[in-house]
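Reading the structure
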Amino acid sequence: METCAEDEVQVKLLGGSTSPFVLRVRIALALKGIDYDFIQENLQSKSELLQKSNPVHKKIPVLIDNGKPVCESMNIVQYIEEAWDNKAPNLIPKDPYERAIARFWAAFIDDKVGPCIRGVFRGHGDEKQKQVEESVANFLVLEEALRTNPCFSGKPYFGGDEIGFVDIALGGWLAFVKALEKGTDSVLIDAEKMPLLSAWTDRFCEADGVQEVMPDPVKLLEFICATRVKFASLAAAN
Amino acid sequence: MEVCGEDGQLKLLGQPYSPFVVRVSIALAVKGIHYEFIEEDIHNKSELLLKSNPVHKKIPVLIHNGKPVCESMNIVQYIEEAWGNKAPNILPKDPYDRAIARFWAAFVDDKFIPSIWGVFKDEGEEQQKAVEETVANFLLLEETLSGKAYFGGDEIGLVDIALGGLLVTIQTVEKITNSVLIDKQKMPLLSAWADKFCKADRVKEVLPDPATLLKLMWERKAKMTSPPAGN
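Quick summary incoming for the structure in this document. (Residues numbered from 1 in each chain as written. Chains lettered and ligands numbered in written order. Predicted model: local features only at pLDDT ≥ 70, side-chain atom pairs only at ≥ 80, totals over all residues. Heavy atoms only, no water.)

**Thoughts on the nonpolar core**
Inclusion rule: The set of buried Ala, Val, Leu, Ile, Met, Phe, Trp, Tyr and Cys residues whose side-chain atoms join them within 4.5 Å is what this entry labels a nonpolar core. Relative accessible area decides the class of each residue, using a 1.4 Å probe on protein chains only: under 20% of the type maximum gives buried, over 50% gives exposed, and in between gives partly exposed. Put simply, DSSP H or I for four residues or longer makes a helix, DSSP E for two residues or longer makes a strand, and each gets a number counted from the N terminus. We call two residues contacting when some pair of their heavy atoms lies within 4.5 Å.
A:Phe139, A:Leu142, A:Leu197, B:Phe138, B:Leu163, B:Leu190 and B:Trp193 are the most contacted members of the largest nonpolar core, which totals 151 residues. No other element matches helix H4 (residues 96-122) of chain A, which puts 13 residues into this core. Excluding residues that lie within four positions of it along the chain, B:Trp193 makes contacts with B:Leu145, B:Ala149, B:Tyr150, B:Phe151, B:Asp160, B:Leu163, B:Gly164 and B:Leu167.

Okay, structure coming up:
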């Protein structure tokens, strides 16, 4: 939790400790070296500030910059890049085509990868298995992109030599995915079938700025297992 | 059908009645950009489409100097950035205003599209629920319009294109399902916006013909509700 030494902190982040979406924003802020107040939200009892700052969705994360709220994780990441664009590193390329490619893959992660991971998290039995298979298929698409897309291939990150927009979009999910694999005894990012993606995973998690904000894997696993038990008993009751 | 000129080689793979393609056509028209429109048969997709959008195999795809860009609002943003010095600007310059525009464009994609689709395809209670959701979503947008000609301010912007591309489809869904989604009384600003948008120069030329869209959507609806063979 970063705090400003003197006056009122300019930047506040409303968030939680297990959310991959909040983690994306924390990674972006860490990489840019931006100080902020982290305000832990209780999602069972949302604060006035959260409800006022995100009246449409009432969800975390919300970034509040000088009193002005920005919502939706990748939208916040883009805002961070633009509001602090003279602060290295740049998280989004300058070239319009490369930016379009970055946005495309971030959308793929939001529209396909995320929902399937959530499906594994919430699912049981056959339904869970189906979501595992779809997740693996999505990760194979990313592996292929790393291998063949001229914007990515041969480079350490989707963003090139440094972490970029797509890395953050996917990287925010990594701690959750690893804990989920343990909690459900499944393999989603398969080192044999996805050597490039696996290597990227290791590289990302160990990067400066990232490792400091990653959640405690033990607590995350506990959260995942406890929540899955709850989902299972709800499903059994129906 | 426009042909490429000083803007480089530009092709738009699409179908004139798809609201997602219409969004891109509007952006190109508003910016005054020339391009070649290649009509796709979505039941028999071309090699070019499959090669240009291997992940989703969907339209629209914009191909600029041989390089494909996919996903409608992504394409619209690309158009703004690649032709950033061609007025009008579809996105504001200020980072906060841009974040707000992107937020509402994403709202249109994440909330409206599923609920409008629900109004079209569902029946009975499910359909009623979808109508109520769509109306609630429109009321939220009504609030954001206050005092402005367009969501983008004085000129058409990102959110106008995101929603405006869907307008003729929404009006067609209203006719087919006999429902009111954009309610003039509850949403006077949004209603006025819809009229202004559909009549705006450059936009009106690329909007789909309502009579043809009505016929196409009736056909689609009929296929959805016809009983399975053998009954």
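**Observations concerning the pairing of strand S1 (residues 11-15) of chain A**
Residues and elements named next belong to chain A. The test is simple: Strands are labelled as partners when DSSP assigns at least two bridges between them.
Within S1, five of the five residues are buried, which leaves it mostly tucked inside the rest of the structure. In S1, alternate side chains face the same way, and those of Val11, Leu13 and Gly15 on one face and Lys12 and Leu14 on the other are all buried. The sheet contact formed by S1 and strand S2 (residues 37-40) spans four bridges and is parallel. Paired with Lys12 across the bridge in S2 is Asp37.

**Some points on the interface of chain A and chain B**
Worth spelling out the cut-off: Note: buried area is the sum, over both parts, of the accessible area (probe 1.4 Å) each one loses when the two are combined. Only one rule defines a salt bridge in this text: a Lys or Arg side-chain nitrogen within 4 Å of an Asp or Glu carboxyl oxygen. Think of a polar contact as two N or O atoms within 3.5 Å of one another; within protein, one of them needs to be a possible hydrogen donor and the other a possible acceptor, and neighboring residues in sequence only count if both atoms come from side chains.
The interface is formed by 24 residues belonging to chain A together with 25 residues belonging to chain B. Approximately 2100 Å² of surface area, both sides summed, lies buried where chain A meets chain B, with 62% of it carried by carbon and sulfur atoms. Three residues, A:Tyr97, A:Arg103 and A:Phe104, lead the burial of chain A against chain B; their summed loss comes to 29% of the area buried on that side. Taken together, the links from chain A to chain B amount to four salt bridges. Of the charged contacts, one joins A:Glu82 and B:Arg98 as a salt bridge, the two residues approaching to 2.8 Å between their closest N and O atoms. Summed over the shared surface of chain A and chain B, the number is 10 residue pairs in polar contact (both at pLDDT 80 or more). Only strand S4 (68-71), helix H3 (73-83) and H4 of chain A provide two or more residues apiece to the side of chain A that touches chain B.

**Here's the deal with the sheet that holds S2(A)**
Sheet strands line up and pair through hydrogen bonds in the backbone, either parallel or antiparallel. Residues and elements named next belong to chain A. Stated formally: Angles shown run from 0 to 180 degrees and are taken between the N-to-C directions of axes, each axis being a line fitted to C-alpha atoms and, for helices, limited to the stretch in contact.
If you trace the four strands from one edge of the open sheet to the other, you get S2-S1-S3-S4, paired in mixed fashion. Looking at strand neighbours, the two that pair on one side only are S2 and S4, the edges of this open sheet. Between one strand axis and the next, the sheet turns through 20 degrees on average, direction left out of account. Strand contacts of helix H1 (residues 20-32): S1, S2 and strand S3 (62-65), with the helix running at about 155 degrees to S1, the strand carrying the most contacts. The strands touched by H3 within the sheet are S3 and S4, with S4 carrying the most contacts at an inclination of about 125 degrees.

**Side note on the layout of surface pockets**
To keep things clear, this is the line we draw: Any residue with an atom within 4 Å of a point lines the site, the site being either a cavity, points on a 1 Å grid over the protein atoms alone where a 1.4 Å probe fits but cannot get out, or a pocket, an open set with protein on both sides within 12 Å along at least 5 of 7 lines. Grid points are joined across faces, edges and corners, and a volume is the space filled by probe spheres set on the points. The classification used treats Ala, Val, Leu, Ile, Met, Phe, Trp, Tyr, Cys and Pro as nonpolar, Asp, Glu, Lys and Arg as charged, and all other residues, Gly among them, as polar.
By volume, the second largest pocket amounts to about 450 Å³. Contributing elements (two or more residues each) for the lining of the second largest pocket: H4 and helix H5 (125-148) of chain A together with helix H2 (47-52) and strand S4 (67-70) of chain B. Tallied by class, the residues present in the lining of the second largest pocket amount to 14 nonpolar, five polar and three charged.

**Digging into unusual backbone geometry**
That bond from A:Ile60 to A:Pro61 is cis: its omega, 0 degrees, falls within 30 degrees of zero. Look at the link from B:Ala87 to B:Pro88: it is a cis peptide, with omega at 0 degrees. With respect to the element layout, B:Pro88 can be found in the loop between helix H3 (72-82) and helix H4 (95-121). In the Ramachandran plot, B:Asn178 falls in the positive-phi region, its phi being about 55 degrees despite a non-glycine side chain. Despite not being glycine, B:Arg202 shows a phi value in the positive range, around 75 degrees. Of note, B:Arg202 is situated in the loop between helix H8 (188-199) and helix H9 (210-225).

**A few points about the pairing of strand S3 (residues 61-64) of chain B**
Residue and element names in this part refer to chain B. The alternating pattern of S3 places Val61 and Ile63 on one face and Leu62 and His64 on the opposite face, and all of these are buried. Relative to S3, strand S1 (residues 10-14) runs antiparallel, the two being bridged by four bridges. Each residue of the ladder has a partner; that of Leu12, found in S3, is Leu62. Where S3 meets S4, four bridges bridge the pair, whose relative direction is antiparallel.

**Topic: helix H8 (residues 217-237) of chain A**
Residues and elements named next belong to chain A. Counted only if it meets this: Multiply 1.5 Å by the residue count of a helix minus one, and that product is the helix's expected span. This arc is taken over the directions from the axis of the helix to the C-beta atoms.
Here H8 contains 21 residues, and its C-alpha end-to-end distance of 30 Å stays within 8% of the 30 Å for a straight helix at 1.5 Å per residue. Turning to H8, its buried residues are Leu220, Ile224, Thr227, Arg228 and Phe231. End-on view of H8: buried residues confined to an arc of 110 degrees, all on one side of the axis. In H8, the exposed positions that point more than 90 degrees away from the buried face belong to Val218, Lys219, Glu222, Val229, Lys230, Ala236 and Ala237.

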